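Survey of secondary and tertiary structure
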Amino acid sequence: DTGVSQDPRHKITKRGQNVTFRCDPISEHNRLYWYRQTLGQGPEFLTYFQNEAQLEKSRLLSDRFSAERPKGSFSTLEIQRTEQGDSAMYLCASSFGTQNTGELFFGEGSRLTVL
Amino acid sequence: AQSVTQLGSHVSVSEGALVLLRCNYSSSVPPYLFWYVQYPNQGLQLLLKYTSAATLVKGINGFEAEFKKSETSFHLTKPSAHMSDAAEYFCAVTELSGGSYIPTFGRGTSLIVHP
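Residues numbered from 1 in each chain as written. Chains lettered and ligands numbered in written order. Predicted model: local features only at pLDDT ≥ 70, side-chain atom pairs only at ≥ 80, totals over all residues. Heavy atoms only, no water.

1. Observations regarding the nonpolar core
The biggest cluster of nonpolar side chains holds 27 residues, and the ones touching the most others in it are Leu 21, Trp 35, Leu 48, Phe 74, Leu 76, Tyr 89 and Leu 111 of chain B. Within the residue set of this core, elements represented by two or more residues are β2 (10-14), β3 (19-21), β5 (33-38), β6 (45-50), β8 (64-68), β9 (73-78), β10 (87-97) and β12 (109-114) of chain B. Counting residues per element, this core draws most heavily on β10 of chain B, which supplies four residues. Setting aside anything within four residues of it in sequence, one finds Leu 48 of chain B in contact with Leu 33, Phe 34, Trp 35, Val 57, Lys 58, Gly 59, Phe 63, Glu 64, Ala 65, Phe 74 and Leu 76 of chain B. With 19 residues, the next largest nonpolar core counts Phe 21, Cys 23, Ala 88 and Val 114 of chain A among its residues. (Core = buried A, V, L, I, M, F, W, Y, C linked by side-chain atoms within 4.5 Å. Buried < 20%, exposed > 50% of the residue type's maximum accessible area, 1.4 Å probe, protein only. Helix = DSSP H or I, 4+ residues; strand = E, 2+ residues; numbered from the N terminus. Contact = heavy atoms within 4.5 Å.)

Here it is as C-alpha cells:
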C-alpha cells in the first residue's frame, strides 16, 4: 500500500496521559498536514510541514500539542496531559509539488478517545 | 480568514434522482476549491478541484461542480444518484498563509440515498 498510513488507528486513554500518533506520508510527498475532526464537523487544520520544517500552526494547537517531522519523512503528533476535549479523529494528509494548490491525500485517521 | 458554508448537514435523495450539495465560500478572490468524499471508515479522497481553469469541473463517479464567482459558490451535482454515492461530502477552499496554501473545510454534508 503506497497511501498515507497512520498508526494507531484507535487509541483509548485516560485523562492526563500522553499519546503519540504517527503518520507515514506517500513517499515522494514533501508536504504533510495534520487535521482534527470531531463528530459532525469538517477537518480543522492543526499544523503543516514542508520537508522537516513546521511552517504553520493553528491557534487550535495548544501548548500540550507538539508535532515533529525530523527527517522530512514520517511525522509524529504528541498530545500531553490529554483532556476529554481532545477526543477526536486525527487526520494526516500529504501532498507534493512546488506550488501547492491544496490537493491533499489523506490517511484513514487515528481515533482518540479520552476517558 | 476563509470560511466555507455547506448548507444542509444531511441531504436525502432517491436512487436515480438529482444530487445537489451546496457550498459557499467567503473570499472575493477566486481561490482553489475542492470537493472531497469520505466513505464510512475510510479517509477523505478528492472528488474534484477547481484551479482557475474551466468554471465547470468534472470529477470522479459522475460528479461535477460549477464555480460561480458572483455567487461565491461551488455547488456539487450529479444527475442520477446511485446507492454507492452515500457518503459524507466536504467542500474545501485554500487560503494562502505564510506562503503555503492551507485548505479550510466545511462542516460536511451527509448524502443519504434511498432505494
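2. Quick notes on the state of the cysteines
Here the structure, examined in full by the defined rule, presents two disulfides over all chains. With its sulfur 1.9 Å from that of its partner, Cys 23 of chain A forms a disulfide with Cys 92 of chain A. The sign of the S-S torsion, about -70°, decides the handedness of the disulfide formed by Cys 23 of chain A and Cys 92 of chain A: left-handed. Highlighted residues: Cys 23 of chain A in strand β3 (residues 19-24) and Cys 92 of chain A in strand β9 (residues 88-95), separated in sequence by 69 residues. By relative accessible area, which is 0% here, Cys 23 of chain A ends up buried. Of the residues examined, Cys 92 of chain A reaches a relative accessible area of 0% and is grouped as buried. Covalent S-S linkage joins Cys 23 of chain B and Cys 91 of chain B, the inter-sulfur distance amounting to 1.9 Å. Every disulfide takes its handedness from the sign of the S-S torsion; for Cys 23 of chain B and Cys 91 of chain B that torsion is -65°, giving left-handed. (Disulfide = S-S within 2.5 Å.)

3. A word on the environment of Ala 1 of chain B
Residue and element names in this part refer to chain B. Secondary-structure assignment places Ala 1 in the segment before β1 (4-5). A relative accessible area of 93% places Ala 1 in the exposed class. Taking the C-alpha atoms as reference points, Ala 1 and Phe 67, separated by 66 residues in sequence, lie 20 Å from one another. Excluding residues that lie within four positions of it along the chain, Ala 1 makes contacts with Ser 26 and Glu 95.

4. Observations concerning the packing of aromatic side chains
According to the stated counting rule, one finds 15 aromatic pairs over all chains in the structure shown. With centroids separated by 5.8 Å and ring planes inclined at 70°, the aromatic side chains of Tyr 35 of chain A and Phe 45 of chain A adopt a geometry described as edge-to-face. With Tyr 35 of chain A in strand β4 (residues 31-37) and Phe 45 of chain A in strand β5 (residues 44-50), this residue pair connects regions lying ten residues apart in the sequence. Here Tyr 35 of chain A matches Phe 45 of chain A in class, with each residue buried. On the basis of an interplanar angle of 70° and a centroid distance of 5.1 Å, the ring pair of Tyr 32 of chain B and Tyr 101 of chain B is categorised as edge-to-face. (Phe/Tyr/Trp six-rings, centres within 6.5 Å; stacked < 30°, edge-to-face > 60°.)

5. Quick notes on the interface of chain B and chain A
Listed as interface residues are 21 residues of chain B and, on the opposing side, 22 residues of chain A. For the chain B and chain A pair, buried surface summed over both sides reaches about 1,700 Å², with 52% attributable to carbon and sulfur atoms. In this structure, the connection of chain B to chain A is made through one salt bridge. The shortest N-O distance in the salt bridge between Lys 49 of chain B and Glu 103 of chain A comes to 2.5 Å. (Buried area = accessible area lost by both parts, 1.4 Å probe. Salt bridge = Lys/Arg side-chain N within 4 Å of Asp/Glu carboxyl O.)

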